[in-house]
Amino acid sequence: MRARPRCRGVLLDLDDTLYPQAAFLAAAWDAVAAAAPAELRAPLRAALDEVCAQGSDRGRTVDRALEQLGLPESELAAELVEVFRAFRPVRLDPYPGVAERLARLAGAVPLVVLTDGNPPQQRAKLAATGLAPLLPHVVCTDELPGGRAARKPAPDGFRRALELLGRAPGEVLMVGDRPDKDVAGAARLGIPVIRVRQGEYREEADRGSESASVRDVAEALDLVLEAL
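Residues numbered from 1 in each chain as written. Predicted model: local features only at pLDDT ≥ 70, side-chain atom pairs only at ≥ 80, totals over all residues. Heavy atoms only, no water.

**Q** Is there a simple way to think about the sheet that holds strand β4 (residues 173-176) in this case?
**A** Whenever strands of a sheet pair, they do so through backbone hydrogen bonds, lying parallel or antiparallel. Spatial strand order, β3-β2-β1-β4-β5-β6: six strands in an open sheet with parallel pairing. Each having just a single partner strand, β3 (138-140) and β6 (212-214) make up the two edges of the open sheet. Adjacent strand axes in the sheet meet at a mean angle of 20 degrees when their direction is disregarded. Bridge count for β4 against strand β5 (residues 193-196) is three bridges, and the pairing is parallel. Across the sheet, residue M174 finds its bridge partner in β5, namely V193. Against the sheet, helix α7 (residues 155-165) contacts β1 (10-12), β2 (111-115), β3 and β4, and its axis sits at roughly 165 degrees relative to β2. (Pairing = 2+ DSSP bridges. Helix = DSSP H or I, 4+ residues; strand = E, 2+ residues; numbered from the N terminus. Axes fitted to C-alpha atoms, helices over the stretch in contact; angles between N-to-C directions. Contact = heavy atoms within 4.5 Å.)

Here is the structure:
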């Protein structure tokens, strides 16, 4: 990692950074398929996986899965989308080594989670990881003025996170997995960022503006601990 001042605060992405998002999506798609008519459950579940594999962030996953089954613009689509939006995970295991490292960090510097998505669902994900007591500060970008337009890499969420930390950009580190969101958004504000190459976007190329690019979040958090 490039030489820099000591770290006085940490911004953390949630999905595919602190826990594997695939675990959440698998449980959510199970719930969606279970809410469909019995004869559609198995083919819909398979279609949801297939469509989601094309990119979980593309949107309209339920609609596109139903279209694949020959059911475009059906009333069922709206019902199943609501099932997905209402889904709350019970348990999501963090990546190995995350809990103990966050416990050490939380005792040393302020931490904030910066995440995009449906705010109640994002907060439920964090609770399901068991990490919430270590991470009391959460910025859900959809709650900010502008709603979805405030999602990363827009600067709004990063600026709000800095306010909660009470720190300037050069005094903190960002840890996240997505080059187009976490890295790009942090770098624009002068926030050094450690990119973790794990989860859905692990094969995407680095942008060149990372302070470091590492294989997993445990290694990233070790670098943060070294920078305290």
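On we go.
**Q** Please explain the packing of helix α1 (residues 21-34) against helix α4 (residues 75-86) as it appears in this structure.
**A** Any two packed helices are characterised by how steeply their axes cross, that is the angle between the axes, and by the distance between the axes. Axis separation between α1 and α4 bottoms out at 9 Å; the angle between their running directions is 140 degrees. What the angle tells us is that α1 and α4 run oblique. Between α1 and α4 lies a crossing of right-handed hand. Side by side, α1 and α4 meet where F24, A28, W29, A31 and V32 of the first sit next to L80, V83 and F84 of the second. (Parallel < 35°, antiparallel > 145°, perpendicular 65-115°, else oblique. Left-handed = near helix turned anticlockwise from the far one by under 90°.)

**Q** Sorry, what's going on with the pattern of salt bridges here?
**A** It is possible for side chains bearing opposite charge to pair when their charged atoms get close. Across all of its chains, the model carries 19 salt bridges by this definition. Of the charged contacts, one joins E143 and R123 as a salt bridge, the two residues approaching to 2.7 Å between their closest N and O atoms. Residue E143 is found in the loop between β3 and α7, and its partner R123 is found in helix α6 (residues 119-129); the two are separated by 20 residues along the sequence. It is possible to trace a salt-bridge network through shared partners that takes in D13, K152 and D182. (Salt bridge = Lys/Arg side-chain N within 4 Å of Asp/Glu carboxyl O.)

**Q** I keep staring at the environment of M174 and nothing clicks. Help me out?
**A** You can see M174 is positioned in strand β4. Assessed through its relative accessible area of 0%, M174 is described here as buried. When the C-alpha atoms of M174 and L114 are compared, they prove to be 9.3 Å apart, with 60 residues separating the residues in sequence. Those residues in contact with M174, other than ones at most four positions away along the chain, are L11, L12, D13, F158, D182, A186, I191, P192, V193 and I194. (Buried < 20%, exposed > 50% of the residue type's maximum accessible area, 1.4 Å probe, protein only.)

**Q** What exactly am I supposed to notice about helix α2 (residues 38-52) here?
**A** Residues lying three or four places apart along an α-helix face the same way, a consequence of the helix completing one turn every 3.6 residues. Compared with the 21 Å implied by 1.5 Å per residue over 15 residues, the 21 Å span of α2 between its first and last C-alpha is a close match. Along its length, α2 shows its largest kink, about 30 degrees, at L44. Where α2 is concerned, the buried positions are L40, L44, R45, A47, L48, V51 and C52. Its buried side turned inward, α2 meets α1, α3 (61-68) and α4. (Expected span 1.5 Å × (residues − 1). Bend = angle between axes of the 7 residues up to and from the residue.)

**Q** Would you take a moment to explain the pairing of β2 for this structure?
**A** For a regular strand, side-chain orientation follows a simple rule: the groups alternate between the two sheet faces. Within β2, five of the five residues are buried, which leaves the element mostly enclosed by the surrounding structure. Here β2 shows two buried faces, one formed by L111, V113 and T115 and the other by V112 and L114. Here β1 runs beside β2; their pairing, made up of three bridges, is parallel. For L12, the partnering residue across the bridge sits in β2 and is V113. Relative to β3, β2 runs parallel, the two sharing three bridges. Along β3, the bridge assignment pairs V113 with V138. Crossover handedness for the path β2 to α6 to β3: right-handed. (Right-handed = clockwise from strand over helix to strand, strands pointing away.)

**Q** Explain the packing of aromatic side chains to me, please; I cannot follow it from the model alone.
**A** By convention here, two paired aromatic rings are described through the distance between centres and the angle between planes. Evaluated as defined, the whole model comprises three aromatic pairs. Seen in terms of ring centroids, F24 and F84 are 6.2 Å apart; in terms of plane orientation they differ by 65 degrees. Their pairing is edge-to-face. Note that F24 is positioned in helix α1 and F84 in helix α4, a separation of 60 residues in sequence. Both rings, one in W29 and one in F84, keep their centres 5.0 Å apart while their planes meet at 20 degrees; by these two values the pair is stacked. (Phe/Tyr/Trp six-rings, centres within 6.5 Å; stacked < 30°, edge-to-face > 60°.)

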